[in-house]
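Analysis of the macromolecular model
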Amino acid sequence: MDSILVRGGRALTGRIPIAGSKNACLTLMPAALLTDEPLTLTNAPRLADVRTMATLLQSLGCEVAHLQDGRVLVVGAETIASHRADYDIVRRMRASVLVLGPLLAREGRAIVSLPGGCAIGARPVDLHLQALAALGAELDLRDGYVHAAAPRGLVGARFAFPIVSVGATENLMMTATLARGTTVIENAACEPEIVDLARCLRRMGAAIEGEGTGTIVVEGVERLHGATHPVIADRIELGTYMLAPAIAGGEVELVGGERGLVAAFADKLEATGIEIAETPGGLRVARPGDGIRPVDVVTEPFPGFPTDLQAQMMALLTLAEGTSRLEERIFENRFMHAPELMRMGARIDVHGGTATVTGVDALRGAPVMATDLRASVSLILAGLAAEGETRVARVYHLDRGYERVEEKLSACGAAIERVAESKSETG
Ligand code: EPZ
């Protein structure tokens, strides 16, 4: 298991390229199951989770080609050899559940392992199942798997989500493209990844309207065809790297960044005193000389403040001149970075879904442990500002969602490197 070593105290200057969106790619890839023609995805990110999704699709009989050093993916589902998504893959990546709807729509049957929980919460898939049942799917849960069938095909329906779910909206939208008749999705997720998926499905011949709003209407069609689609920029990587000059000082251009992808986050970041400017190539973020102002944050579905940037924002706010409150409304256990930040000298009180952060003058480098994807990168951000050396262990969490973090940050002057660790050293 590798660790990342960061020696703090160096201001950053330079440019960071923003890659394609992990979360968009993880729903675009299974969309290829909806047709027997190849789907080509350009601007694909090179991430462990993308490789895991490729492995899952290959286990179903798909061909997945990684071209141009992984930047282009060609997913071909000409024939489906298996309808079973095994637990050993699904437990590694919850997004595996996104093969359920497309498999069912294409083949009329699917057996997909229940994902099980993960570090940030129970994360059930009940909404995915309710949505597919609304289209006429017959679902049987046994031995840890969902056995889905649609012997008489799928029929469009109206379905209102009781709570906003990104993945369940994606599953339903993909499935509805091949159902007979009209599907109306109410209380749909509005994330940019949903919009990107709708654009790709439309390129494949689907009839979809309303993506990006709370109501999406899908007219079922007989079949879809192959297409080529560019993966949207990763707004969570963008927000994460906007915080690097914010916490370390300096000025960095995020190449490919668009403020519209992170508007609520950018507004909050400016409220702390950070300067954000649009450039021809993206966004420039700079930290003026004076301190960081405290702000309150509430995580909400898009266009609200994204839950996936909560841990990273907390790292910045540990150094604010005052008290900030972060309320996590999406997941039930997404403050595991707090105890690790406290090992670095942060002052954080967690009560239920709210973390109260009292700013301190400085953080001190320490050995810390990554617990989940976004927590791991918040520890690296803290390390950029901390006095001394921070060693972040178990960075396999990091590699799931960030390409070459140490290269992107060291190119801007950070003292950061990856070290291979034997098991004994990381505990
Ligand atoms: C997606 O997860 C993202 N993952 C998550 O990013 C992101 O945090 C989340 O959306 C919220 O924006 C991918 O896109 C691969 P949800 P998803 O369904 O779809 C509950 C990252 O770091 N829920 O919108 O699983 C759920 O427990 C990851 O990149 C149900 O109760 O999230 C949560 O409390 C982490 N039943 C809330 O809804 C269901 O059937 C929102 O979850 C589904 C979800």
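Within every chain, residues take consecutive numbers counted from 1 along the sequence as written. Per-residue local features of the predicted model are confined to residues with pLDDT of at least 70, and side-chain atom pairs are confined, for both listing and counting, to 80 or more; whole-chain, interface and lining totals are unaffected and use all residues. Where side-chain values are given, they derive from all heavy atoms of the structure, hydrogens and water being excluded.

A look at the sheet that holds strand S8 (residues 138–142)
In a beta sheet, neighbouring strands are held together by backbone hydrogen bonds and run either parallel or antiparallel to one another. Strand order in the open sheet formed by four strands is S6-S7-S9-S8, with mixed pairing between adjacent strands. Among the strands making up the open sheet, the edge pair consists of strand S6 (84–85) and S8. We call two strands paired when DSSP finds no fewer than two bridges between them. The way it works is that DSSP assigns letters per residue, a run of H or I at least four long becomes a helix, a run of E at least two long becomes a strand, and they are numbered from the N terminus. Alignment of strand S7 (residues 109–113) against strand S9 (residues 145–149), held across five bridges, turns out to be antiparallel. In the strand pairing of S9, Ser 113 is matched with Tyr 145.

So, the packing of aromatic side chains
Any Phe, Tyr or Trp ring, taking Trp's six-membered ring, that has another such ring centre within 6.5 Å forms a pair; planes under 30 degrees apart are called stacked, those over 60 apart edge-to-face, and the others tilted. One pass over the structure, following the stated rule, counts three aromatic pairs. With centroids separated by 4.8 Å and ring planes inclined at 85°, the aromatic side chains of Phe 159 and Phe 161 adopt a geometry described as edge-to-face. Burial classes: relative accessible area under 20% of the type maximum marks a residue as buried, over 50% as exposed, and values in between as partly exposed (1.4 Å probe, protein chains only). What makes Phe 161 buried here is its relative accessible area of 3%. Ring geometry for Tyr 241 against Tyr 402: centres 6.4 Å apart, planes inclined by 80°, an arrangement best described as edge-to-face. One end of the pair, Tyr 241, is in helix H8 (residues 235–248); the other, Tyr 402, is in the loop between helix H13 (396–399) and helix H14 (405–410), with 161 residues separating them in the sequence.

Structural notes on the site of the ligand
When at least one non-hydrogen atom of a residue lies within 4 Å of a molecule or strand, that residue is treated as near it. Close to the ligand lie 21 residues, the nearest being Asp 126, Leu 127, Ser 165, Asp 308 and Ile 330. Asn 23 is positioned with one of its side-chain polar atoms (N or O) 3.1 Å from an oxygen atom of the ligand. Those elements giving two or more residues to the shell around the ligand turn out to be helix H1 (22–31), helix H5 (126–134), helix H6 (166–176) and helix H12 (373–385). Considering each element in turn, the shell around the ligand owes the most residues, three residues, to H5. Each residue receives one of three labels: charged for Asp, Glu, Lys and Arg, nonpolar for Ala, Val, Leu, Ile, Met, Phe, Trp, Tyr, Cys and Pro, and polar for the others, Gly being one of them. The residue inventory of the shell around the ligand, partitioned by class, reads ten nonpolar, five polar and six charged. Segment limits for the domains were obtained from an automatic or database-derived domain assignment. Two domains each put at least three residues into the shell around the ligand: domain 1 (2–19 + 233–426) and domain 2 (22–230). Whenever two N or O atoms come within 3.5 Å, that pair is a polar contact, provided that in protein one can donate a hydrogen and the other can accept it, and provided that, for residues adjacent in sequence, both atoms are side-chain atoms.

Points about H1
For an α-helix, the turn length of 3.6 residues means that residues three or four places apart are oriented alike. Summarising burial for H1: nine of the ten residues are buried, a large majority. Residues of H1 that are buried: Lys 22, Ala 24, Cys 25, Leu 26, Thr 27, Leu 28, Met 29, Pro 30 and Ala 31. The N-cap residue of H1 is Ser 21: its side-chain oxygen and the backbone nitrogen of Asn 23 are 3.3 Å apart.

Topic: the domain arrangement of the chain
Here the chain is partitioned into domain 1 (2–19 + 233–426) and domain 2 (22–230). Working rule for contacts: check all heavy atoms of both residues, and any pair within 4.5 Å makes them a contact. Taken together, the contacts link 22 residues of domain 1 with 22 residues of domain 2. Buried area is understood as the total, over both parts, of accessible area removed when two parts are fitted together, assessed with a 1.4 Å probe. Overall, the association of domain 1 and domain 2 removes approximately 1700 Å² of surface from exposure, summing both partners, and the carbon and sulfur fraction of that is 52%. On the domain 1 side of the contact with domain 2, Phe 302, Arg 400 and Glu 403 bury the most area, a combined 34% of that side's loss. Should a side-chain nitrogen of Lys or Arg be within 4 Å of a carboxyl oxygen of Asp or Glu, the pair is scored as a salt bridge. One can count four salt bridges joining domain 1 with domain 2. Between Glu 403 and Arg 46 there is a salt bridge, with its nearest N and O atoms 3.7 Å apart.

Quick word on the sheet that holds strand S17 (residues 282–287)
An order of S2-S15-S17-S16 is seen for the four strands of this open sheet, with the pairing classed as mixed. Of all strands in the sheet, those bounded by a partner on one side alone are strand S2 (12–17) and strand S16 (275–279). Neighbour to neighbour, the strand axes of the sheet diverge by 15° on average, direction disregarded. Direction of pairing for strand S15 (residues 250–255) relative to S17: antiparallel, over a ladder of six bridges. Residue pairing in the sheet places Val 255 in a bridge with Gly 282 of S17. Every axis corresponds to a line fitted to the C-alpha atoms, with the helix fit spanning only the stretch in contact, and the corresponding angles, defined between N-to-C directions, vary from 0 to 180 degrees.

Considering the nonpolar core
By size, the foremost hydrophobic cluster in this structure holds 146 residues, and its most contacted members are Leu 201 and Met 242. Examining the composition of this core, we find that nine residues originate from one element, H8, more than from any other. Apart from residues no more than four positions distant in its own chain, Met 242 is found in contact with Leu 254, Val 262, Phe 265, Ala 266, Leu 269, Ile 276, Leu 283 and Val 285. Take the buried Ala, Val, Leu, Ile, Met, Phe, Trp, Tyr and Cys residues and link them wherever side-chain atoms come within 4.5 Å; each set so joined is a nonpolar core.

Describing the pairing of S16
Pairing analysis gives five bridges linking S16 to S17, with the strands arranged antiparallel. Paired with Thr 279 across the strands is Gly 282, a residue of S17. Between S16 and S17, which follow one another and run antiparallel, lie two residues.

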